[in-house]
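Each chain, written out:
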Amino acid sequence: MGGVFSKVLHMSIAASWLILAVIALRLLLRKAPKWIRCILWGIVAIRLICPVSFESTVSLVPNVEDIASAMVRFSGESMAADGGPTIVSPIEIDGGASMDARPDGMGGGVPVAVRPDGTAPGGHSLAAESRANLPYLWMETGGILWMIGLGCLLGYALIGYLRLRGSVSEAILLRDNIWIGDRVASPFILGMFRPRIYLSSSAEESQMGYMLAHEQAHIRRGDHWWKLLGYLLLAVYWFNPLSWVAYILLSRDMELACDEKVIRGLDEAEKKSYLFALLDCSTQRRMVLACPPAFGEVGVKQRVNAVLDYKKPGFWVVLVSVFLCLIVAVCFLTTSPKTWQIKVTIPAEGTESFYYSDEEISPKGNTLTLYAGEGMGDGMIVLLPVEASQENAYGEPTYITPGMPVKLDVEKGAWYKIGVNKMRDPSGEDKVVYLSVENVEVRIAAGAGTGAEAGAGTGTGTDVGMGTRAETGTGSGTAAQEEQISGEEAGEILQRYLSDAGQWAADYVLEPTDPTDGMVGERKVYRFEVRYRKSAGQDAGRLMANYAITDDGNNIYQYDSANDAYIALREDGQDIVPEPLEGAMPLAPVFPIEFLFASGASSSGTELVLNQDGSFAGQHFDHENATGDGYSKGTCYLCDFSGRFEDIRQITPYIYSMTLAELDTEKEEGEEWIEDDVLYIAARPYGLEDGEEFLLYTPGVPLEEIPEEFLSWWMGRGSYQEDGGSRQTLPCYGLFNIAAGKGFFQYERGGAE
């Protein structure tokens with residue numbers, strides 16, 4: 001019983017928003033035809049009858065999930081028994097467990113995680129958990145009271161119907177479906193499939209025509225059916241005060257609509273006669289409840305005023321009214337998508353690149369939208385597939401910032417965990433962040449709570465190959481090979497390794513060096529270059545990294561140009577687990593990197609040269625033709641600066657985060673001097689101002705993972721069009737000032753990338 005009442009309660013709450021909207025629209029649509037109001041009440045009836053509703057982003061109805069079902073209850077007793085909290089949530093438990101609320105599966109009350117042996121967490125029986133659950137008891141008690149109220153209203157209606165049938169038992173047929181009787185106080189309709197009109201035998205013949213016209217209008221409009229449906233819905237939702245208001249207003253609006261239909265063709269004298277008949281019948285009014293449509297039933301004063309003030313509504317009034325009805329239907333017959341708050345805990349002492357949620361999500365569509373929730377600032381997120389049939393049914397790590405949605409292409413129906421990159425809490429404690437997601441199913445996986453995951457099937461995380469020092473680990477690796485391999489086979493092994501480690505981009509190419517073979521220590525190796533594929537007019541693509549692989553395929557190295565040494569990535573078939581990349585730039589043969597921030601004008605920009613240790617220096621320049629005494633060649637705004645980035649850490653295979661620790665300028669802003677007939681004015685280091693946290697993008701990062709705010713500064717964005725399509729990844733290094741929203745892009749003499 002509690003389960004049925006819970007469903008009825010939620011449908012009532014959802015319909016309450018619609019009832020309030022209809023009440024407000026009744027006031028706005030005073031000049032509209034009265035039948036428009038009846039249509040609005042029909043929309044309310046649909047909402048009260050239909051047990052399901054579609055989710056829509058335009059809905060004005062909050063998602064009315066079971067309040068008790070949405071609770072996450074932490075039981076101290078269960079924690080002591082299980083070593084963890086008892087999670088009470090309307091979601092599925094992986095590993096064979098299921099969700100139910102009662103032994104009969106009705107789903108009422110508060111769902112409890114039920115194990116295959118029929119027990120709840122902590123070893124308690126489901127019945128014991130339910131008895132201890134107050135919301136469950138409230139629902140059960142409410143269900144009993146609801147049934148009592150429903151029975152009383154239906155019984156009242158039945159008694160009223162039988163009494164009414166008795167009062168017309170001696171009525172005489174006048175003609176067609178019109179009957180007259182001595183015990184009939186005022187005209188009404190009785191019967192559903194073959195409705196009859198009953199008139200009082202004492203009614204004046206001059207008024208009888210108006211009474212018949214009104215009742216026949218009720219029959220043509222089907223009001224005897226609508227009023228029965230309205231009363232049945234009132235009986236079901238009797239506990240909601242708005243249901244009583246809606247029923248009373250429905251009865252009034254039906255009478256007003258019939259009055260309007262009748263007087264539409266009457267002149268002023270006939271309208272007055274109609275009003276006299278209405279007033280005469282209203283002297284013996286019955287109760288509103290459960291009576292059939294009657295001529296002088298309710299709201300007589302309002303009906304009289306409506307008749308006297310009636311004017312045929314204009315076409316545009318009717319059109320706008322119908323349009324508003326459609327808007328109401330769309331906005332109130334649907335439900336706002338449920339927003340799930342997915343929790344991720346990041347240990348204070350953790351060393352993993354990403355930490356994952358205990359909950360698993362399954363998208364209902366092929367696109368997933370996430371928002372940064374409580375505690376989540378700027379950072380990176382990633383989807384870890386748990387059950388996915390499609391290969392690569394998830395994206396690479398993606399940048400997220402509060403207030404901006406992140407949309408990911410996913411596999412519909414697959415299951416994922418959400419990962420968040422390592423974020424520091426100033427307090428030194430574990431950091432808890434939330435991500436908001438809609439249009440998904442959610443479940444809690446068996447063994448949840450470990451937080452960190454190994455990665456998407458690689459077993460070694462995402463930092464492989466990017467460290468400055470490494471130690472041998474137990475990663476997945478590959479079986480040791482004894483026979484020598486060819487250079488072509490070595491390239492295939494290397495590319496497969498880079499793909500598994502998340503170090504390969506769609507626009508990368510692998511090329512053997514000249515000479516191809518060489519030695520690393522005492523081992524013979526094949527040497528390769530990873531380059532960004534070349535553009536039209538280029539002799540070669542940008543060099544990304546140098547690798548070497550031994551001729552048995554069991555050892556892979558990356559060349560560190562800064563230290564002129566090779567870093568081991570795989571030894572004897574076992575992958576190397578690198579230490580965290582604190583304070584290290586990416587291993588690449590391109591340092592120092594020259595960046596340019598161009599503000600749009602050809603004479604204005606900021607050049608910055610970044611070194612591998614995080615230090616940098618640069619100059620901002622701008623020029624205008626303003627001349628004066630002693631500076632006939634114009635005015636130049638100039639800023640020479642230097643500084644250092646610290647707290648450098650890799651957050652994805654392609655993105656580094658760093659903090660601006662030092663920023664010095666040679667001259668104080670506003671200082672002026674004249675040199676070579678030019679007025680120089682000391683300026684700010686534009687592009688770096690207000691900066692604290694910066695992101696370094698390396699070539700190969702997918703463009704869809706880069707904020708549009710950063711890409712908008714890319715002068716070469718439109719030039720990278722080949723074969724009728726655009727590149728999918730960034731072809732150069734980029735530096736993003738997150739706070740200021742300014743973007744620097746790698747600059748080569750002869751033009752910016």
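Not measured: the values here are computed from a predicted model. (Residues numbered from 1 in each chain as written. Predicted model: local features only at pLDDT ≥ 70, side-chain atom pairs only at ≥ 80, totals over all residues. Heavy atoms only, no water.)

J.: Explain the overall build of the chain to me, and be specific about the residues and the numbers.
T.: For the chain, the helix and strand inventory stands at 13 helices and 37 strands. By residue count, 50% of the 753 residues in the chain fall in the buried class. Here the chain has roughly 36,100 Å² of accessible surface; of this, 53% comes from carbon and sulfur atoms. (Helix = DSSP H or I, 4+ residues; strand = E, 2+ residues; numbered from the N terminus. Buried < 20%, exposed > 50% of the residue type's maximum accessible area, 1.4 Å probe, protein only. Areas by Shrake-Rupley, 256 points an atom, 1.4 Å probe, with all protein chains shown as cover.)

J.: Which residues make up the sheet that holds strand S6 (residues 188–190), and what values go with them?
T.: If you walk across this open sheet you meet the four strands as S4-S5-S7-S6, and the pairing is mixed. Looking at strand neighbours, the two that pair on one side only are strand S4 (172–175) and S6, the edges of this open sheet. Averaged over all pairs of adjacent strands, the angle between strand axes in this sheet comes to 40°, irrespective of strand direction. Of the strand pairs in this sheet, strand S5 (residues 178–181) and strand S7 (residues 196–200) are connected by four bridges, and their pairing is parallel. Paired with Ile178 across the bridge in S7 is Ile197. On top of the sheet, helix H6 (residues 205–221) reaches S4, S5, S6 and S7; it is set at about 155° to S7, its chief contact. (Pairing = 2+ DSSP bridges. Axes fitted to C-alpha atoms, helices over the stretch in contact; angles between N-to-C directions. Contact = heavy atoms within 4.5 Å.)

J.: Report on the sheet that holds strand S8 (residues 339–346), specifying residues and quantitative values.
T.: Ordered in space as S8-S16-S11-S14, the four strands form an open sheet in which the pairing is antiparallel. At either end of the open sheet lies a strand with only one pairing partner, and these are S8 and strand S14 (406–409). Averaged over neighbouring strand pairs, the angle between their axes works out to 30° when direction is ignored. Bridging between S8 and strand S16 (residues 431–438) involves eight bridges; their strand directions are antiparallel. What sits directly across from Trp340, in S16, is Val437.

J.: Mind laying out helix H10 (residues 300–308), listing which residues take part and the relevant values?
T.: Buried within H10 we find Val300, Arg303, Val304 and Val307. The buried residues of H10 all sit within an arc of 100° when viewed along its axis, so they share a single face. Contact partners of the buried residues in H10: H6, helix H8 (241–263) and helix H9 (268–281). (Arc of directions from axis to C-beta.)

J.: Break down the pairing of strand S28 (residues 635–650) for me, with residues and values.
T.: Of the strand pairs in this sheet, strand S27 (residues 615–624) and S28 are connected by ten bridges, and their pairing is antiparallel. Bridge pairing in S28 links Ala617 to Ser642. Where S28 hands over to strand S29 (residues 655–665), the hairpin turn is made up of four residues, counted between the paired strands.

J.: How would you summarise the environment of Val433 if you had to cite specific residues and measurements?
T.: As for its position among the elements, Val433 is in strand S16. A C-alpha to C-alpha distance of 8.3 Å links Val433 and Ile342, two positions 91 residues apart in sequence. Setting aside anything within four residues of it in sequence, one finds Val433 in contact with Ile342, Lys343, Val344, Glu374, Gly375, Met376 and Val420.

J.: Explain unusual backbone geometry residue by residue, including any values.
T.: Positive phi outside glycine occurs at Asp176, with the angle close to 45°. Along the chain, Asp176 turns up in the loop between S4 and S5. Look at Asp176 and you get exposed, because its relative accessible area is 67%. Positive phi values are uncommon outside glycine, yet Asp677 reaches one of about 65°. Along the chain, Asp677 falls in the loop between strand S30 (672–675) and strand S31 (678–682).

J.: Summarise the pairing of strand S22 (residues 556–560); cite the residues concerned and give the values.
T.: With four of five residues buried, S22 is to be regarded as a mostly interior element. Bridge analysis of S22 against strand S23 (residues 565–571) gives five bridges, and the strand direction is antiparallel. What sits directly across from Gln558, in S23, is Ile567.

J.: Just give me the short version of the nonpolar core, but keep the residues and values in it.
T.: In this structure, Leu18, Leu40, Trp41, Val44, Val328 and Phe332 are the most contacted members of the largest nonpolar core, which totals 43 residues. At the level of secondary structure, the elements contributing two or more residues to this core comprise helix H1 (2–28), helix H2 (34–49), helix H5 (134–167), helix H7 (223–236), H8 and helix H11 (315–332). It is H1 that contributes the most residues to this core, ten residues altogether. Grouped together as the second largest cluster of nonpolar side chains are 36 residues, Tyr526, Ile556, Ile651 and Tyr697 included. (Core = buried A, V, L, I, M, F, W, Y, C linked by side-chain atoms within 4.5 Å.)

J.: Explain the packing of H6 against H9 to me, and be specific about the residues and the numbers.
T.: For the pair H6 and H9, the least separation of the axes is 9 Å and the interaxial angle reads 80°. Taken together, the axes of H6 and H9 lie roughly perpendicular to each other. Across the interface between the two elements, Gln207, Tyr210, Met211 and His214 from H6 touch Glu270, Ser273, Tyr274, Phe276, Ala277, Asp280 and Cys281 from H9. Taken together, the residues of the contact of H6 with H9 break down into six nonpolar, three polar and two charged. (Parallel < 35°, antiparallel > 145°, perpendicular 65-115°, else oblique. Nonpolar A, V, L, I, M, F, W, Y, C, P; charged D, E, K, R; others polar.)

J.: Tell me about the packing of aromatic side chains, and name the residues and values.
T.: This model, assessed by the stated rule, comprises 20 aromatic pairs. Judged by centre distance (5.6 Å) and plane angle (70°), the ring pair of Phe5 and Phe239 falls under edge-to-face. A residue pair is termed long-range when its members are at least 10 positions apart, and Phe5 in helix H1 and Phe239 in the loop between H7 and H8 qualify at 234 residues. Note on Phe5: relative accessible area 11%, which makes it buried. Centre to centre, the rings of Trp238 and Phe239 are 6.2 Å apart; their planes meet at 80°, and the pair counts as edge-to-face. With a relative accessible area of 23%, Phe239 lands in the partly exposed category. The cationic tip of Arg443 hangs over the ring face of Trp415; the distance from NZ or CZ to the ring centre is 4.0 Å. Sitting above the plane of the Trp673 ring, Lys667 keeps its charged end 4.6 Å from the centroid. (Phe/Tyr/Trp six-rings, centres within 6.5 Å; stacked < 30°, edge-to-face > 60°. Lys NZ or Arg CZ within 6 Å of the ring centre and 35° of its normal.)

J.: Break down the pattern of salt bridges for me, with residues and values.
T.: Side-chain pairs of opposite charge can arise whenever the charged atoms involved come near each other. Summed over all chains, the structure comprises eleven salt bridges. The shortest N-O distance in the salt bridge between Arg684 and Glu669 comes to 3.7 Å. Pair noted here: Arg684 is in the loop between S31 and strand S32 (693–697) and Glu669 is in the loop between S29 and S30, with a separation of 15 residues, a long-range link. A residue is classified by how much of its surface remains accessible, and Arg684, at 32% relative accessible area, is partly exposed. Connected via shared salt-bridge partners are Arg26, Arg37 and Asp253. (Salt bridge = Lys/Arg side-chain N within 4 Å of Asp/Glu carboxyl O.)

J.: Run through the confidence of the model for the chain, naming residues and quoting values.
T.: Of the residues in the chain, 71% reach a pLDDT of 70 or more, and the chain-wide mean stands at 75. Of all helices and strands in the chain, the one with the weakest mean pLDDT is strand S18 (residues 470–472) (33), whereas strand S35 (residues 734–737) scores best (93). A low-confidence stretch, residues 66–132 stays under pLDDT 50, and its non-local contacts, those more than four residues away or across chains, total 128 contacts. Here residues 749–753 is modelled with pLDDT under 50, and outside its nearest four sequence neighbours on either side it reaches 13 contacts, counting other chains as well. (pLDDT = per-residue confidence, 0-100.)

J.: Explain a positive patch on the surface to me, and be specific about the residues and the numbers.
T.: On the surface, Arg220, Lys261, Arg264 and Lys312 cluster together into a patch of positive charge. Positionally, Lys312 belongs in the loop between H10 and H11. (Patch = residues over 30% accessible without salt bridge, like charges linked within 9 Å, V, L, I, M, F, W, Y side chains within 5 Å. Lys, Arg positive; Asp, Glu negative; His and termini not counted. Charge placed at Lys NZ, Arg CZ, Asp CG, Glu CD.)

J.: Account for the packing of H6 against H7, with residues named and values stated.
T.: A pair of packed helices can be characterised by two numbers: the angle between their axes and the separation between those axes. The contact between H6 and H7 brings their axes to 5 Å, and the two run at 70°. By the angle between their directions, the pair H6 and H7 is classed as roughly perpendicular. On H7, the residues touching His218, Ile219 and Arg221 of H6 are Asp223, His224 and Trp226. Its residues assigned to classes, the contact of H6 with H7 shows two nonpolar, two polar and two charged.

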